[in-house]
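Working through the structure, step by step
One-letter residues, chain by chain:
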Amino acid sequence: MELRQLEYFVAVAEEQNFTRAAERVHISQSGVSAQIRQLEREVGAELFDRSGRTVTLTVAGKAALAYARAALAAAEAVSESVGEVAGLIRGRLTVGMVIGCTLTPLFDALAAFHTAHPGVEIALLEDSSDRLVEGVRTGTVDLALIGAAEATPEDLDTLTLISERLVVAVPAGHPLAKRRRVMLRDLMAHPIVCMPPGTGLRAVFEQACAAQGLQPSIGLQASAADAIAELAARGLGVAVLSDSMADGHRDRLTVHRIVDAKTPALLALVWKNAHHPPVREVLKDCRRAFKGAGPG
């Protein structure tokens, strides 16, 4: 039994697909399949049910998965401990970033980390906040930038970077543009353009509406603040954004804070294993990069 076989086994289990697993570990699909078959022969049981459209774990596979992950983690820990003694940090750092959010200080932090620790492979992925949090919990993501509503996950370490109120942004001729105060109920007569489910901003908006028994009509949704603003500028709905998201569009959109949406939308870093050397070091770079920096 080899570590690479365990790596391929974990990849297939998580991707539920041999092709995606092969892309993830950077070898051919036939190579992954051959190594998995060899592993199954060695353990004396089939680890995957290949009869469906997706590949699923058998009972034996489910029993083996936790031990395979533990073995890979132990092997990585050996490499890291030796590297630390030698003054080097090696391995892989998987960083998650909520869709539609671009904070340049995060990129500055990753650049500084890469310069200081070129032996660490950095992987960057975008996903919904909910999925990123779950990835941190299961260990498939080391550190993630997420959006959250009022509170960050209690079971993870967190660093809140931004806390902002919700705003509505509309073109100059829109009825809401002339109002001095905009309440949540004022939005209900209009189609709304907002972030998709699973994002912190969407959660904040939906929770605020639910607290007042309001049911917003989500006309369109987009994962980028610029796209939401562009749709609103063309009259396709009223944009619900955060303060900083709307900043770059105030030249052609009228922006009002939503008075009774008082729960802030948060952007935060979350992680689980601060003892993992790459996580420990990149957190130092993140704290330096975000110190005194606003959103990019």
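Quick look at the structure, then. (Residues numbered from 1 in each chain as written. Predicted model: local features only at pLDDT ≥ 70, side-chain atom pairs only at ≥ 80, totals over all residues. Heavy atoms only, no water.)

1. Some details on the overall build of the chain
As a reminder of what qualifies: Only runs of H or I of at least four residues qualify as helices and only runs of E of at least two qualify as strands under DSSP, and these elements are numbered from the N terminus. Summary of the burial criterion: residues with accessible area below 20% of their type's maximum are buried, those above 50% are exposed, and those between are partly exposed, where the area comes from a 1.4 Å probe applied to protein chains only. In this analysis, two residues are considered to be in contact whenever any of their non-hydrogen atoms come within 4.5 Å of each other.
Along the backbone of the chain there are 11 helices and 12 strands. Once the C-alpha set of the chain is aligned to its principal axes, its extents read approximately 70 × 50 × 30 Å. Here the chain, with 296 residues, has 45% of them falling under the buried criterion. Considering only contacts in the chain between residues 6 or more positions apart, those separated by 24 or more positions represent 73%.

2. Here's the deal with the sheet that holds strand β9 (residues 218-221)
As a reminder of what qualifies: Each pair of strands is called paired provided DSSP finds at least two bridges between the two strands. The axes used here are C-alpha line fits, helices contributing only the stretch in contact, and every angle between their N-to-C directions lies in the interval 0 to 180 degrees.
In spatial order, the strands read β9-β8-β10-β7-β11; together these 5 strands make up an open sheet with mixed pairing. A single partner strand is all that each edge strand has here, and the edge strands are β9 and β11 (254-257). Going from strand to strand, the sheet's axes swing by 30° on average, the running direction of each strand aside. Relative to β11, strand β7 (residues 166-170) is paired through 4 bridges, and the arrangement is antiparallel.

3. Let's talk about the state of the cysteines
This is how it is decided: By definition, disulfides here are pairs of cysteine sulfur atoms that lie within 2.5 Å.
Under the criterion given, the structure shown has 0 disulfides. Considering cysteine sulfurs only, cysteine 209 is the nearest to cysteine 194, which forms no disulfide, with 8.9 Å between them.

4. Some points on the packing of helix α5 (residues 104-116) against helix α11 (residues 277-290)
Worth spelling out the cut-off: Any angle between 65 and 115 degrees counts as roughly perpendicular, while under 35 counts as roughly parallel, over 145 as roughly antiparallel, and the rest as oblique. The sense of a crossing depends on the near helix, which, turned anticlockwise from the far helix by less than a right angle, makes the crossing left-handed and, turned clockwise, makes it right-handed. Three residue categories are used. Nonpolar comprises Ala, Val, Leu, Ile, Met, Phe, Trp, Tyr, Cys and Pro, charged comprises Asp, Glu, Lys and Arg, and polar comprises the others, including Gly.
Where α5 contacts α11, the axes come no closer than 8 Å and their chain directions differ by 135°. The angle between α5 and α11 falls in the class oblique. The handedness of the crossing between α5 and α11 comes out as right-handed. Residue-level inspection shows Pro105, Leu106, Asp108, Ala109, Leu110, Ala112 and Phe113 of α5 in contact with α11, the latter providing Pro278, Glu281, Val282, Asp285, Cys286, Ala289 and Phe290. Classifying every residue of the contact of α5 with α11 gives 11 nonpolar, no polar and 3 charged.

5. Quick look at the sheet that holds strand β6 (residues 157-164)
Reading across the sheet, the 5 strands line up as β4-β3-β5-β12-β6 and stay open at both edges, with mixed pairing between neighbours. Edge positions in the sheet fall to β4 (120-127) and β6, since each has one partner strand and no second. With direction set aside, neighbouring strand axes in the sheet form an average angle of 25°. Summarising the sheet, β6 and strand β12 (residues 265-271) pair through 7 bridges and their orientation is antiparallel. Across the sheet, residue glutamate 164 finds its bridge partner in β12, namely alanine 265. Here α5 sits on the sheet in contact with β3 (91-98), β4 and β5 (143-149), set at roughly 165° to β4. Where helix α8 (residues 200-211) meets the sheet, it contacts β5 and β12, and its direction lies at approximately 15° from that of β5.

6. Observations concerning the packing of aromatic side chains
Using the following cut-off: Any pair of Phe, Tyr and Trp rings, taking the six-membered ring for Trp, is counted once the centres come within 6.5 Å. Such a pair is stacked with planes under 30 degrees apart, edge-to-face with planes over 60 apart, and tilted for the rest.
Inspection of every chain in the model, using the stated rule, returns 2 aromatic pairs. When the centroid spacing of 5.4 Å and the interplanar angle of 55° are considered together, the rings of phenylalanine 9 and phenylalanine 48 count as tilted. You can see phenylalanine 9 sitting in helix α1 (residues 3-15) and its partner phenylalanine 48 sitting in strand β1 (residues 48-49), a full 39 residues away along the chain. The exposure classification of phenylalanine 9 matches that of phenylalanine 48, with both residues buried. Ring centres 6.1 Å apart and planes at 70° place the aromatic pair phenylalanine 18 and phenylalanine 48 in the edge-to-face group. Of this pair, phenylalanine 18 sits in helix α2 (residues 18-25) while phenylalanine 48 sits in strand β1, and the two are 30 residues apart along the sequence.

7. Section: the side chain of histidine 256
The test is simple: Polar contact is defined as a pair of N or O atoms within 3.5 Å, subject to the rule that within protein one atom must be able to donate a hydrogen and the other to accept it, and that residues adjacent in sequence are counted only when both atoms are side-chain atoms.
Residue placement: histidine 256 occurs in strand β11. We classify histidine 256 as buried; its relative accessible area is 14%. Engagement of the side chain of histidine 256 in a polar contact is seen with the backbone oxygen of arginine 179, the distance being 3.2 Å. Residues within four places of histidine 256 in sequence aside, it is in contact with Val167, Val168, Leu176, Ala177, Arg179 and Val182.

8. Side note on the pattern of salt bridges
Which entries qualify depends on this criterion: What makes a salt bridge here is a side-chain nitrogen of Lys or Arg within 4 Å of a carboxyl oxygen of Asp or Glu, nothing more.
According to the stated counting rule, one finds 22 salt bridges in the structure shown. Across the pair glutamate 2 and arginine 4 runs a salt bridge, and its minimum N-O distance is 2.7 Å. With relative accessibility at 39%, the residue glutamate 2 sits in the partly exposed group. According to the relative accessible area criterion, arginine 4 is partly exposed, its value standing at 41%. Of the charged contacts in the structure, one is a salt bridge between arginine 69 and glutamate 14, with a shortest N-O distance of 3.0 Å. Of this pair, arginine 69 sits in helix α4 (residues 59-85) while glutamate 14 sits in helix α1; the two residues are 55 residues apart in sequence, bridging distant segments of the chain.

Nothing here speaks to function; it is all geometry.
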